[in-house]
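Survey of secondary and tertiary structure
Okay, here's what each chain looks like letter by letter:
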Amino acid sequence: MLRFVLARLVKAVIILLCITIFNFFLIHAAPGDPAAVMAGEAGDADEAYLQQLRERFGLDKPLPVQLLVYLSHIATLDLGYSYRQGLPVAQLIWDRLPATLLLSGTAFAISLVLGVMAGALAASRQGRISDSLISAFALLFYATPLFWLALMAVVLFSVQLGWLPGFGYESVGSGYTGLARVADIARHLVLPATTLGLFFMAVYVRITRASMLEVGRQDFVRTARAKGLRPGVIQRRHVLRNAILPVVTLAGVQAGQLVGGAVLIETVFAWPGIGRLMFEALSQRDYNLLLGVFVVSSAMVLLFNLITDVLYRIVDPRIRVS
């Protein structure tokens, strides 16, 4: 197992290096001059001041030189300095990362648990009304644009009914501490996490249902029925366990996507995570901050893929590394 994990880690580092180089050239190919943006906000846009800003932040050097400098900093876990916010990039990301992990982790748990349960229920009731209703609701949530679902949730549960707060991470100026603050954050978390979770839950419903129906036609399941085992036991021990591998694959991929996919939800709900930080960096042409967010997001996706590969060996012992 250790050799397997080390081999995967080496591959992950190489992939992360390629992603970083690709994103570096992609960001610098985009139109816009960060020095001009900073000079414009400072109210001084003459050429001498622009040149001074470029020299100060190394923007006057050729791109290959800038890339080498950036990679040398990355090798020492230094993500650079945000010249727009005046703080180290690592500190900015570290301050926002807990909020994103809380939102993504809660949405991931909601989508995975509810999706597998609903998919298993639909497969066990194939052809009945409950099967059609579950499949229809799953398709409805998946087909609805995420931003529209988020806005309608705010209008219904926050504006009309007044049950939940519609925006923010916690009540501003409330002064809550301890359990009261945890409860306040949990109330603010309900709408964004549920909205994001319902969108991805629809995929798990369809994958789990299709996989369980396919496994249910296998010979070993017919044998279990012939032995007189109860349907519930057959579904749990024989069908669901063998049908869960595609769900694990999808969960590993989407666990990483949730971090990046939270950009829209964090923007709509004013959630102070790294997705919103990335949106602000993009609008301000803050190259170092944007690249730092990309590096951290890519590293998290690769980490989730590594965890998925390890789970493969646990869920299905037949899988061996060649």
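Thresholds applied
- Numbering of residues begins from 1 in every chain and follows the order in which that chain's sequence is written.
- Restriction of local features to residues with pLDDT of at least 70 applies here, the model being predicted, together with a cutoff of 80 or more for giving and counting side-chain atom pairs; totals for whole chains, interfaces and linings are based on all residues.
- Side-chain metrics rest on all non-hydrogen atoms present in the structure, leaving aside hydrogens and water.
- Each helix is a run of DSSP H or I of at least 4 residues and each strand a run of E of at least 2, with the numbering of both proceeding from the N terminus.
- The contact criterion used is simple: two residues touch if any of their non-hydrogen atoms lie within 4.5 Å.
- What qualifies as a polar contact is a pair of N or O atoms within 3.5 Å, subject to a donor-acceptor requirement within protein and to the restriction that residues adjacent in sequence count only when both atoms come from side chains.
- Here, nonpolar core means buried Ala, Val, Leu, Ile, Met, Phe, Trp, Tyr and Cys residues that are tied together by side-chain atoms lying within 4.5 Å of each other.
- For every residue, the accessible area (1.4 Å probe, protein chains only) is compared with the maximum for its type, and the residue is labelled buried under 20%, exposed over 50%, or partly exposed between those bounds.
- UniProt positions are given in the numbering used here, feature names are shortened, and annotations may be inferred rather than shown by experiment.
- Fitting a line to C-alpha atoms yields each axis, with helices limited to the stretch in contact; the angle taken between N-to-C directions then spans 0 to 180 degrees.
- Here a crossing is called left-handed whenever its near helix is offset anticlockwise from the far helix by less than a right angle, and right-handed whenever the offset is clockwise.
- Asp, Glu, Lys and Arg are counted as charged, while Ala, Val, Leu, Ile, Met, Phe, Trp, Tyr, Cys and Pro are counted as nonpolar; the rest, among them Gly, fall into the polar class.
- When two rings of Phe, Tyr or Trp (its six-membered ring) have centres within 6.5 Å they constitute a pair, described as stacked for plane angles under 30 degrees, edge-to-face for angles over 60, and tilted for the intermediate range.
- The length a helix should cover is 1.5 Å for every residue beyond the first.
- Two axes enter the definition of the bend at a residue: one is fitted to the seven residues ending there, the other to the seven starting there, and the bend is the angle between them.
- Any carboxyl oxygen of Asp or Glu within 4 Å of a side-chain nitrogen of Lys or Arg constitutes a salt bridge here.

What about the side chain of Asp131?
Take Asp131: it is sitting in helix H6 (residues 129-143). Residue contacts for Asp131: discarding those within four places in its chain leaves Ala122, Arg125, Gln126 and Arg209.

Overview of the environment of Ser158
The residue Ser158 is located in helix H7 (residues 146-160) in this model. Separated by 33 residues in sequence, Ser158 and Leu191 place their C-alpha atoms 9.0 Å apart. With residues up to four places along the chain from it excluded, the contact list for Ser158 reads Ala153, Leu164, Pro165 and Gly166. There is a polar contact of 3.1 Å between the side chain of Ser158 and the backbone oxygen of Leu164.

A look at the nonpolar core
For soluble globular proteins, the rule of thumb is that nonpolar side chains tend to be buried together. Residues Tyr70, Leu79, Ile93, Leu277, Leu289 and Val293 are the most contacted members of the largest nonpolar core, which totals 26 residues. Broken down by secondary-structure element, the contributors of at least two residues to this core are helix H1 (2-29), helix H4 (63-75), helix H5 (89-124), helix H11 (274-283) and helix H12 (287-315). No other element matches H12, which puts 8 residues into this core. Counting 19 residues, the second largest nonpolar core, distinct from the first, contains Leu191, Ala193, Phe200 and Phe269.

Observations regarding the UniProt feature "transmembrane region" (unreviewed entry) in the protein chain
UniProt annotation of "transmembrane region" (unreviewed entry) refers to residues 12-30, 101-124, 136-165, 185-207, 243-269 and 289-312 when read in the numbering used here. Between the end C-alpha atoms of residues 12-30 the distance is 27 Å, and the span holds 95% helix and 0% strand. For residues 101-124, helix accounts for 100% and strand for 0%, while the C-alpha atoms at its two ends are 34 Å apart.

Overview of the packing of H5 against helix H8 (residues 178-215)
For the pair H5 and H8, the least separation of the axes is 5 Å and the interaxial angle reads 35°. Judged by the twist between their axes, the crossing of H5 over H8 is right-handed. Looking at the contact of H5 with H8 residue by residue, the classes come out as 23 nonpolar, 7 polar and 1 charged.

Focus: the packing of aromatic side chains
Taken as a whole and judged by the stated rule, the model has 4 aromatic pairs. Consider the rings of Tyr169 and Trp271, whose centres lie 4.9 Å apart with planes at 65°: the pair is edge-to-face. Of this pair, Tyr169 sits in the loop between H7 and H8 while Trp271 sits in the loop between helix H10 (231-268) and H11, placing them 102 residues apart in sequence. Note on Trp271: relative accessible area 0%, which makes it buried. Taken together, Phe24, Phe25 and Tyr70 form an aromatic cluster joined through their ring pairs.

Remarks on H8
Between the first and last C-alpha of H8 there are merely 48 Å, a value that for 38 residues lags more than 12% behind the 56 Å anticipated at 1.5 Å per step. Maximal helix bending in H8 amounts to about 40°, located at Leu189; proline Pro192 follows within four positions.

Remarks on the pattern of salt bridges
Under the criterion given, the structure shown has 5 salt bridges. Where Glu170 meets Arg181, a salt bridge forms, and the shortest distance between an N and an O atom there is 2.9 Å. Linking Glu170 in the loop between H7 and H8 with Arg181 in helix H8, this pair joins segments that are 11 residues apart in sequence. Since its relative accessible area comes to 26%, Glu170 is described here as partly exposed. Residue classification places Arg181 among the partly exposed positions, given a relative accessible area of 35%. For Asp219, the salt bridge identified is with Arg222, shortest N-O distance 2.6 Å. Residue Asp219 and its partner Arg222 are located together in helix H9 (residues 219-226), separated by 3 residues, close to a single helical turn. With relative accessibility at 57%, the residue Asp219 sits in the exposed group. Classification of Arg222 as partly exposed rests on a relative accessible area of 46%.

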